[in-house]
Each structure stands twice: as structure tokens, then as C-alpha cells.
Amino acid sequence: MKYTSWDRSDRDNPKLLKEDGPETLGTFSSGSADIDGDFWRLSVDQKLGASATTADDRVFRITGNLARDKKLDVSLDGRTFTVTNEQSNDWIIDDVNDNFVAQFSGKNNGVRASNLEFMHEGKVELSTEEIVALSWFARLILENRLKTSSVAMIATLALASAVAVVAFLL
């Protein structure tokens, strides 16, 4: 698999696709996911991270502030990875041996599609569940970054509007 993408036609239940589909790797909701018939419990806290717990109690976790940290730690049932913000909206995922595993970006509608491109070239083997977890984490990071920048932009526009009104009245 070269990449994953998201079908967001049902905004409340986005589907993770293998490449552009039609093969679906999982369907997500706010607190759970159906991954090839397996139930995952999902938990997200913007400041602390997120976790997915499988039906057999394996845990996939990302720790750190999803909206602000430039480096986040990932544990996939004991396997360790690092998600690093290289610049602007460009991110890479490395394994514990600093092997380049995957990349994603928030540029060019990246938040909507949230493609995670795998670059492991045989160096790092990932299970389907690990691919699903990394893809979900990538989407969470991009969505939380977008929320933070949107709030800042709205606040700036509101302040600029207030200054313009005051300047006009004076």
C-alpha cells in the first residue's frame, strides 16, 4: 500500500480507504471505529493526545498536544514511532531507528483528504492495524491544527473589524 485517504462523504462516520478506494480499511465515529469487523474504542484529548484500544485490549497511542506540539510520540502496542513537524504543515513519521516511515501534509486540501503516504521501502513493515492507527493520528493532527489556526484567524478578523469601526466613527 502506497497511501491511505479518507472518504468524508459522511462527516460523522468518515471511512479510511486504501489509496483512493474502493477498499475500506475502517469506519470511524466520535468514540469508536469498526476496523475490518473489529471494534476499537477511541479517545481524544487535544492537549494530551489520543488512543485507540482494540477489542483484545491492545493500545495504539499518540501523546502530546495535537494542536501545538512539533514532535509527538506514538506507541503502537509497544512499537515506538515519532511524528515530527518538519515545516509549516508538512509532517514525517520515523520509527525508533530513525527510518523514514511515512509523511503527510495539511497543504492543498490536506485536511480534507488527509493522505498518509508510506515510504518504508521494505525497511519498516507495518500491519494493517498500525497503518490504520497512524492514518487516524495524522487526520487528528491536521484537524486540530486547522481548528487552532481558524480560531486565531477569526479572532484577528474580529479585532481588525472592531478597529476599523472605531476608526470610522472617529
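Everything here concerns the structure above.
Please read all numbers here as calculations on a predicted model, not as lab measurements.

S.K.: Which parts of the structure should I look at to understand the overall build of the protein chain?
M.R.: Looking only at helices and strands, the protein chain features two helices and twelve strands. Along the protein chain, helices (α) and strands (β) appear in the sequence β-β-β-β-β-β-β-β-β-β-β-α-β-α when read from the amino end. Within the protein chain, contacts between residues at least 6 apart in sequence are counted, and of these 34% link residues at least 24 apart. With the model as given, the accessible surface of the protein chain reaches about 9700 Å², and the carbon-plus-sulfur share is 50%.

S.K.: Sorry if this is basic, but what is going on with the packing of aromatic side chains here?
M.R.: Centre-to-centre distance and the angle between the planes together describe a pair of aromatic rings. This model, assessed by the stated rule, comprises five aromatic pairs. Each ring, one from Trp 6 and one from Phe 28, has its centre 5.1 Å from the other, and the planes form 65 degrees; the classification is edge-to-face. Remark: Phe 28 occurs in strand β3 (residues 24-28) and Trp 6 occurs in strand β1 (residues 3-7); sequence separation between them is 22 residues. Pair check on accessibility: Trp 6 and Phe 28 agree, each one buried. Among the aromatic residues, those joined into a cluster by ring pairs are Trp 6, Phe 28, Trp 136 and Phe 137.

S.K.: Which parts of the structure should I look at to understand unusual backbone geometry?
M.R.: Excluding glycine, most residues fall at negative phi; most peptide bonds, likewise, are trans. That bond from Gly 21 to Pro 22 is cis: its omega, 10 degrees, falls within 30 degrees of zero. Mapped onto the fold, Pro 22 is located in the loop between β2 (15-18) and β3. With a phi close to 50 degrees, Asp 36 is a non-glycine residue in the positive phi region. Tracing the backbone through its elements, the reader meets Asp 36 in the loop between β4 (32-35) and β5 (38-45). With phi around 65 degrees, Asp 98 is a residue other than glycine that occupies positive phi space. Take Asp 98: it is sitting in the loop between β10 (90-95) and β11 (100-105). By relative accessible area, which is 63% here, Asp 98 ends up exposed.

S.K.: Even after reading the chapter, I still don't get the pattern of salt bridges, so can you show me in this structure?
M.R.: Where charged atoms from two side chains of opposite charge come close, those side chains can pair. By the definition in use, this model includes seven salt bridges. Between Arg 8 and Glu 143 there is a salt bridge; the shortest N-O distance is 2.9 Å. On the criterion of sequence distance, the pair formed by Arg 8 in the loop between β1 and β2 and Glu 143 in helix α2 (residues 128-169) is long-range, its members being 135 residues apart. Judged by relative accessible area, which is 25%, Arg 8 ranks as partly exposed. Here Asp 57 makes a salt bridge to Arg 41, at a shortest N to O gap of 3.9 Å. In this pair, Asp 57 is assigned in the loop between β6 (49-54) and β7 (59-63) and Arg 41 in strand β5, connecting sequence segments 16 residues apart. Judged by relative accessible area, Arg 41 falls into the partly exposed class, the value being 41%.

What counts as what
Residues numbered from 1 in each chain as written. Predicted model: local features only at pLDDT ≥ 70, side-chain atom pairs only at ≥ 80, totals over all residues. Heavy atoms only, no water. Helix = DSSP H or I, 4+ residues; strand = E, 2+ residues; numbered from the N terminus. Contact = heavy atoms within 4.5 Å. Areas by Shrake-Rupley, 256 points an atom, 1.4 Å probe, with all protein chains shown as cover. Phe/Tyr/Trp six-rings, centres within 6.5 Å; stacked < 30°, edge-to-face > 60°. Buried < 20%, exposed > 50% of the residue type's maximum accessible area, 1.4 Å probe, protein only. Salt bridge = Lys/Arg side-chain N within 4 Å of Asp/Glu carboxyl O.

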